[in-house]
Amino acid sequence: MQITVLSGGVGGARFVIGVREWARRDAAARGLPADAAHDIRVVVNTGDDWWLAGLRIAPDHDSLLYSLSGQNDQDRGWGRRDETERVASELQAWGVTPEWFTLGDLDLGVHIARTAWLRSGIPLGEVYRRLGARWPLGATLLPATEDEIDTHVHTADGQRMHFQEWWTRHRATIPAVSFENAGIDTARPAAGALEAIAAADVVLLAPSNPVVSIGPILGIPGMRNALQTASAPVIGVAPVIGGRVVRGMADACLTAIGVDTDAAAIARHYEARGESGVLDGWLVAEEDAASVDGLVADGIPSRAVPLWMRDADTSAALAGDAITLAHDLR
């Protein structure tokens, strides 16, 4: 089975870990090698990417790379384990990088490699392949687009700033009124991204930020249509439990676009598959079970399941619930 996941952020990375764990357990139950039963492809949000100190930084890709490879810092929840920050201190002393965005030394190695390849004309998809080849990931990472579509935030006080400054420096405390991905109208899906959706047996929308993680992917011309015409069921997982975001400040993003911080409201934002919608099914938390009937009445088959991804078991169970819903909708 080919499983394609649209992902961004730390929540997306954790969900993909769960998908891989489910696939390995399913393979073991069938008496197959761990990575033989299922082909996992991840279409990665590139809207968070940005240039810093002459380097191309790709937070969502790197969260997946480090998590799948076991290199992630589980205590901080981001970056690489056993990290040092000597170079970052020097860069800040020279005023090259801001003190609110620290790059670890090992992390810098990835950014330098990425930038060197890009500067030499290597396509971003091939850069992903080279970075992923260092460790056995158990999944193929694909950029949503190779064109730059960095997210910028327009704030209520009239500022325009890169998403990373609004998110990391200001912790989304400055009210946003809109989000802009410059150049997205002429961007093209990256090689392999549309194919990953078209060839999938199931497409999963990770419990990522609907506005700045999944939103930029859907905003790339051709991506929304690919989901609407896919032969596979498209199943989404709510990033909200009991009216609260699981991680980060997605509520600030949702408020800016007029969507309540509510699992059912987010499902209706994605909409049932049709002229503009993409969802065939939706998973909400057990805490939000009361919303299921209303969503079903609106044409979005939904189920209430445990959504907390606390460890390998709970993450794999969540992935399994999403795949089961997809199978039941066929």
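Scroll up a little and you will see the structure.
By convention here, each chain's residues receive numbers from 1 onward along its written sequence. Per-residue local features of the predicted model are confined to residues with pLDDT of at least 70, and side-chain atom pairs are confined, for both listing and counting, to 80 or more; whole-chain, interface and lining totals are unaffected and use all residues. Side-chain measures were taken over the full set of non-hydrogen atoms in the model, leaving aside hydrogen atoms and water.

Enquirer: Just to check I follow, could you spell out the sheet that holds strand 1 (residues 2-7) for this structure?
Expert: As a general point, the strands of a sheet are linked pairwise by backbone hydrogen bonds and lie either parallel or antiparallel. Taken in spatial order, the seven strands make up an open sheet running 5-2-1-9-10-13-14, and their pairing is parallel. Where the open sheet ends on each side, the last strands, each with one partner, are strand 5 (140-143) and strand 14 (302-305). Across the sheet, the axes of successive neighbouring strands diverge by a mean angle of 25°, strand direction being ignored. Two strands are counted as paired when DSSP detects at least two bridges linking them. Here a strand is any run of E in DSSP of at least two residues, a helix any run of H or I of at least four, and the numbering for each starts at the N terminus. Where strand 2 (residues 39-44) meets strand 5, four bridges bridge the pair, whose relative direction is parallel. By the bridge assignment, arginine 41 is partnered in strand 5 with threonine 140. Any pair of residues with heavy atoms lying within 4.5 Å of one another is described as a contacting pair. Where helices are involved, their axes are fitted lines through C-alpha atoms of the stretch in contact, as for all axes, and angles between N-to-C directions lie from 0 to 180°. Packed onto the sheet, helix 5 (residues 124-132) meets strand 2 and strand 5 and runs at close to 155° relative to strand 5.

Enquirer: Looking at this model, I keep getting lost on the sheet that holds strand 6 (residues 151-155). Mind explaining?
Expert: Strand order in this open sheet of three strands is 7-6-8, and the pairing throughout is antiparallel. Since the sheet does not close on itself, it has two edges, and those belong to strand 7 (160-162) and strand 8 (176-181), each with one partner. Neighbour-to-neighbour, the strand axes of the sheet open up by a mean angle of 30°, direction not taken into account. Of the strand pairs in this sheet, strand 6 and strand 8 are connected by five bridges, and their pairing is antiparallel. By the bridge assignment, threonine 155 is partnered in strand 8 with alanine 176.

Enquirer: Any chance you could explain the packing of helix 4 (residues 105-119) against helix 5 here in plain terms?
Expert: Following both chains from N to C, one finds helix 4 and helix 5 inclined at 140°, their axes separated by 10 Å at the closest point. Between helix 4 and helix 5, the crossing angle belongs to the class labelled oblique. By crossing handedness, the relation of helix 4 to helix 5 is classed as right-handed. Of helix 5, the residues touching helix 4 (which contributes Val110, Arg114, Trp117 and Leu118) are Leu124, Val127, Arg130 and Leu131. The residue inventory of the contact of helix 4 with helix 5, partitioned by class, reads six nonpolar, no polar and two charged. When an angle is under 35 degrees it counts as roughly parallel; over 145 it counts as roughly antiparallel; between 65 and 115 it counts as roughly perpendicular; any other value is oblique. Definitions for this section: a left-handed crossing has its near helix turned counterclockwise from the far helix by less than a right angle. A right-handed crossing has that turn clockwise. Basically, the charged four are Asp, Glu, Lys and Arg, the nonpolar ten are Ala, Val, Leu, Ile, Met, Phe, Trp, Tyr, Cys and Pro, and anything else, Gly included, counts as polar.

Enquirer: Please explain the pattern of salt bridges as it appears in this structure.
Expert: A side chain of one charge can pair with a side chain of the opposite charge when the charged atoms of the two come close. A side-chain nitrogen of Lys or Arg and a carboxyl oxygen of Asp or Glu constitute a salt bridge if their distance falls within 4 Å. Evaluation of the coordinates by the stated rule reveals 15 salt bridges. Note that arginine 56 is salt-bridged to aspartate 150, the shortest N-O span being 2.7 Å. Of this pair, arginine 56 sits in strand 4 (residues 55-57) while aspartate 150 sits in the loop between strand 5 and strand 6, and the two are 94 residues apart along the sequence. By relative accessible area, which is 5% here, arginine 56 ends up buried. Think of it in three bands: with a 1.4 Å probe and only protein chains considered, a residue is buried below 20% of the maximum accessible area for its type, exposed above 50%, and partly exposed in between.

Enquirer: Explain unusual backbone geometry to me, please; I cannot follow it from the model alone.
Expert: One non-glycine residue with positive phi stands out, namely aspartate 82, at about 55°. With respect to the secondary-structure elements, aspartate 82 resides in the loop between helix 2 (59-69) and helix 3 (86-93). One non-glycine residue, alanine 172, adopts positive backbone phi at about 60°. Along the polypeptide, alanine 172 turns up in the loop between helix 6 (163-169) and strand 8. Overall, alanine 172 belongs to the buried group, its relative accessible area being 12%.

Enquirer: So what exactly am I meant to see when it comes to the packing of helix 1 (residues 9-29) against helix 13 (residues 312-329) here?
Expert: Any two packed helices are characterised by how steeply their axes cross, that is the angle between the axes, and by the distance between the axes. Between helix 1 and helix 13, the shortest axis-to-axis distance is 7 Å and the interhelical angle comes to 80°. Considering the angle they form, helix 1 stands roughly perpendicular to helix 13. Side by side, helix 1 and helix 13 meet where Arg14, Phe15, Gly18, Val19, Glu21, Trp22 and Arg25 of the first sit next to Ala312, Asp313, Ser315, Ala316, Leu318, Ala319, Gly320 and Ile323 of the second. Residue classes in the contact of helix 1 with helix 13 are distributed as eight nonpolar, three polar and four charged.

Enquirer: Explain the nonpolar core to me, please; I cannot follow it from the model alone.
Expert: Proteins that are soluble and globular tend to have nonpolar side chains buried together. We define a nonpolar core as any set of buried Ala, Val, Leu, Ile, Met, Phe, Trp, Tyr and Cys residues linked to one another through side-chain atoms lying within 4.5 Å. In terms of nonpolar packing, the biggest core is built from 99 residues, with Leu6, Phe15, Trp166, Phe179, Leu204, Tyr270 and Trp282 touching the most fellow members. Here this core gets seven residues from one element, more than from any other, and that element is helix 13. Here leucine 204 is in contact with Ile3, Thr4, Val5, Leu6, Phe15, Val19, Ile235, Ala322 and Ile323, once residues within four sequence places are set aside. The next biggest cluster of nonpolar side chains, apart from the first, holds seven residues, and it includes Trp50, Leu55, Leu103 and Leu108.

Enquirer: Can you walk me through the environment of tryptophan 117 in this structure?
Expert: By the element assignment, tryptophan 117 lies in helix 4. Among the residues examined, tryptophan 117 registers a relative accessible area of 23% and is labelled partly exposed. Along the backbone, tryptophan 117 and valine 127 are ten residues apart, and their C-alpha atoms lie at a distance of 6.7 Å. In this structure tryptophan 117 touches Ile122, Val127, Arg130 and Leu131, once residues within four positions along its chain are discounted.

Enquirer: What exactly am I supposed to notice about the packing of aromatic side chains here?
Expert: The geometry of two aromatic rings is summed up by the distance between their centres and the angle between their planes. Between 30 and 60 degrees the pair is tilted, below 30 it is stacked and above 60 it is edge-to-face, where a pair is any two Phe, Tyr or Trp rings, Trp via its six-membered ring, whose centres lie within 6.5 Å. Enumeration according to the criterion identifies eight aromatic pairs in this entry. Taken together, a centroid distance of 6.2 Å and an interplanar angle of 45° make the contact between tryptophan 166 and tryptophan 167 tilted. With respect to burial, tryptophan 166 and tryptophan 167 carry one shared label: buried. Three or more aromatic residues joined by ring pairs form one cluster here, namely Phe163, Trp166, Trp167 and Phe179.

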